[in-house]
Amino acid sequence: MNPLTEQEIRAAFVNCSKGEAKRLSVPRDLAERPWDDLDFLGWRDPQAPDRAYLAIELDGRPVALTLRSPAVTSGTRSSMCSICMTTHTGGVSLMVAAKAGKAGQQGNSVGAYICSDLACSLYVRGKKDAGVGARLHESLTLEEKIERTVANLAAFIAQVTA
C-alpha cells in the first residue's frame, strides 16, 4: 500500500460527514507504519474504544470507513476474520459500518467479523502471530492470500457504498 497522509485519509471517508471526518482520530505515527506490509490501514480510536477506522486504496484512490465495534475483550471462543481468514480466540469483533449516503442517514448498516486490532495484513504475512492454529494450512501462495484479503475488504466496502 502507498503511504497515506492525514489529509488524504480524512478526505477518503465515504460513510460519515466531512465534519465527522475532520474530528475523528487519525494515527499520529503514519510515517512509522509498515506501509510495504499493509494492504489497508486500520486503527482504533484511543479516546473511543468502540470506534475503529480503516483506509485502503481501491482503483488508485483512497477509500476510508468509520466502524463501530465493541471494545476489545478477551474470551475463549474462537472466531474467524471474514477479511483475512485468521482464527483468533477472542480477537475477532463484529465491526459495523453505516452505509454511505441516504441509506446510512436512515440508519442502515453493514457488518463483518474482522480482526479486533485490524492487523489483517500482518497476520496474512506472518508478521504478527494470532496464536496456535490461527492460520489454517492452505495451498494458496502469499500473493493469493493477499489478493483474497483485499478482495474481501473491497466486497465489504462495496456493500457499504451500494
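Residues numbered from 1 in each chain as written. Predicted model: local features only at pLDDT ≥ 70, side-chain atom pairs only at ≥ 80, totals over all residues. Heavy atoms only, no water.

### Structural notes on the overall build of the chain
We count it as follows: Strands are runs of DSSP state E lasting at least two residues, helices are runs of H or I lasting at least four, and both sets are numbered from the N terminus onward. Here the globule rule is a power law, 2.2 Å times the number of residues to the power 0.38, and the radius of gyration is based on C-alpha atoms. Burial classification: accessible surface area is computed with a 1.4 Å probe over protein chains only, and a residue below 20% of its type maximum counts as buried, one above 50% as exposed, and the rest as partly exposed. Under the convention used here, a 1.4 Å probe and the Shrake-Rupley method define accessible areas, while residue burial counts only the protein chains that appear. Positive charges come from Lys and Arg alone, negative charges from Asp and Glu alone, with His and the N- and C-terminal ends not counted. Where a charge lies is defined by one atom per residue type: Lys uses NZ, Arg uses CZ, Asp uses CG and Glu uses CD.
Across its full length, the chain holds five helices and seven strands. Ordering the α and β elements of the chain from the N terminus gives α-α-β-β-β-β-β-β-α-β-α-α. Relative to the globule expectation of 15 Å for 162 residues, the C-alpha radius of gyration of the chain, 15 Å, shows essentially globular dimensions. Taking all 162 residues of the chain together, 44% fall into the buried category. On the chain, roughly 8800 Å² of surface is accessible, and the fraction owed to carbon and sulfur atoms is 50%. Of the charged side chains in the chain, 19 are positive and 18 negative; the average position of the first set lies 8 Å away from that of the second.

### A look at the pattern of salt bridges
The line we're drawing: Salt bridge, as used here, is a side-chain nitrogen of Lys or Arg placed within 4 Å of a carboxyl oxygen of Asp or Glu.
Tallied over the entire structure, the rule returns seven salt bridges. The residue Arg68 makes a salt bridge to Asp50 at a minimum N-O spacing of 3.0 Å. With Arg68 in strand E3 (residues 61-68) and Asp50 in strand E2 (residues 48-58), this residue pair connects regions lying 18 residues apart in the sequence. The partly exposed category is assigned to Arg68, whose relative accessible area is 41%. Residue Asp50 is classed as partly exposed on the basis of its relative accessible area of 32%.

### A few points about the layout of surface pockets
To keep it simple, the criterion reads: Using only the protein atoms, space was sampled on a 1 Å grid; points where a 1.4 Å probe fits but cannot get out form cavities, open sets with protein on both sides within 12 Å along at least five of seven lines form pockets, and lining residues are those with an atom within 4 Å of a point. Grid points are joined across faces, edges and corners, and a volume is the space filled by probe spheres set on the points. Each residue gets one label: Ala, Val, Leu, Ile, Met, Phe, Trp, Tyr, Cys and Pro are nonpolar, Asp, Glu, Lys and Arg are charged, and the others, such as Gly, are polar.
By volume, the largest pocket amounts to about 440 Å³. Around the largest pocket, the lining comprises 23 residues; the ones closest to its centre are Asn15, Cys16, Glu20, Thr66 and Arg68. Contributing elements (two or more residues each) for the lining of the largest pocket: helix H2 (18-23), E2, E3, strand E6 (92-98) and helix H3 (101-105). Considered class by class, the residues forming the lining of the largest pocket number nine nonpolar, eight polar and six charged.

### Observations concerning the environment of Asp45
Condition: Residue contacts are counted whenever heavy atoms from the two residues lie within 4.5 Å of one another.
Along the chain, the position of Asp45 falls in strand E1 (residues 41-45). Judged by its relative accessible area of 8%, Asp45 falls in the buried class. Ignoring sequence-local partners within four residues, the contact set of Asp45 consists of Ser25, Arg51 and Tyr53.

### Observations regarding the nonpolar core
Burial of nonpolar side chains together is a common tendency in soluble globular proteins. Heads up, the rule is: Buried residues of nine kinds, namely Ala, Val, Leu, Ile, Met, Phe, Trp, Tyr and Cys, make up a nonpolar core once their side-chain atoms join them within 4.5 Å.
One finds Phe13, Ile114 and Phe156 to be the most contacted residues of the largest nonpolar core, which totals 45 residues. Every element with two or more residues in this core is listed here: helix H1 (6-12), E1, E2, E3, E6, strand E7 (109-115), helix H4 (120-124) and helix H5 (142-161). Setting aside chain neighbours within four positions, we find Phe156 in contact with Leu65, Leu67, Met95, Ala97, Val110, Gly111, Ala112 and Ile114.

### Points about the confidence of the model for the chain
What counts is decided by this rule: Scored from 0 to 100, pLDDT reflects the predictor's confidence in each residue.
For the chain, per-residue confidence averages 91 on the pLDDT scale, and 94% of positions sit at 70 or higher. For the chain, strand E5 (residues 87-89) is the element with the lowest average pLDDT, namely 85, and H1 is the one with the highest, namely 97.

### Let's talk about the packing of aromatic side chains
Spelled out, the test is: Stacked, tilted and edge-to-face are the three classes applied to pairs of Phe, Tyr and Trp rings, where Trp contributes its six-membered ring and a pair requires centres within 6.5 Å; stacked means planes under 30 degrees apart, edge-to-face means over 60, and tilted covers the rest.
A full pass over the atoms with the stated rule returns two aromatic pairs. Note on Phe13 and Tyr53: the rings are 6.0 Å apart at their centroids and 85 degrees apart in plane angle, and the pair reads as edge-to-face. Separated by 40 residues along the polypeptide, Phe13 in the loop between H1 and H2 and Tyr53 in strand E2 bring together distant segments of the chain. For Tyr53, a relative accessible area of 2% translates into the label buried. Between Trp43 and Tyr53, the ring centres sit 5.4 Å apart and the planes meet at 35 degrees, which makes this aromatic pair tilted. Linking Trp43 in strand E1 with Tyr53 in strand E2, this pair joins segments that are ten residues apart in sequence.

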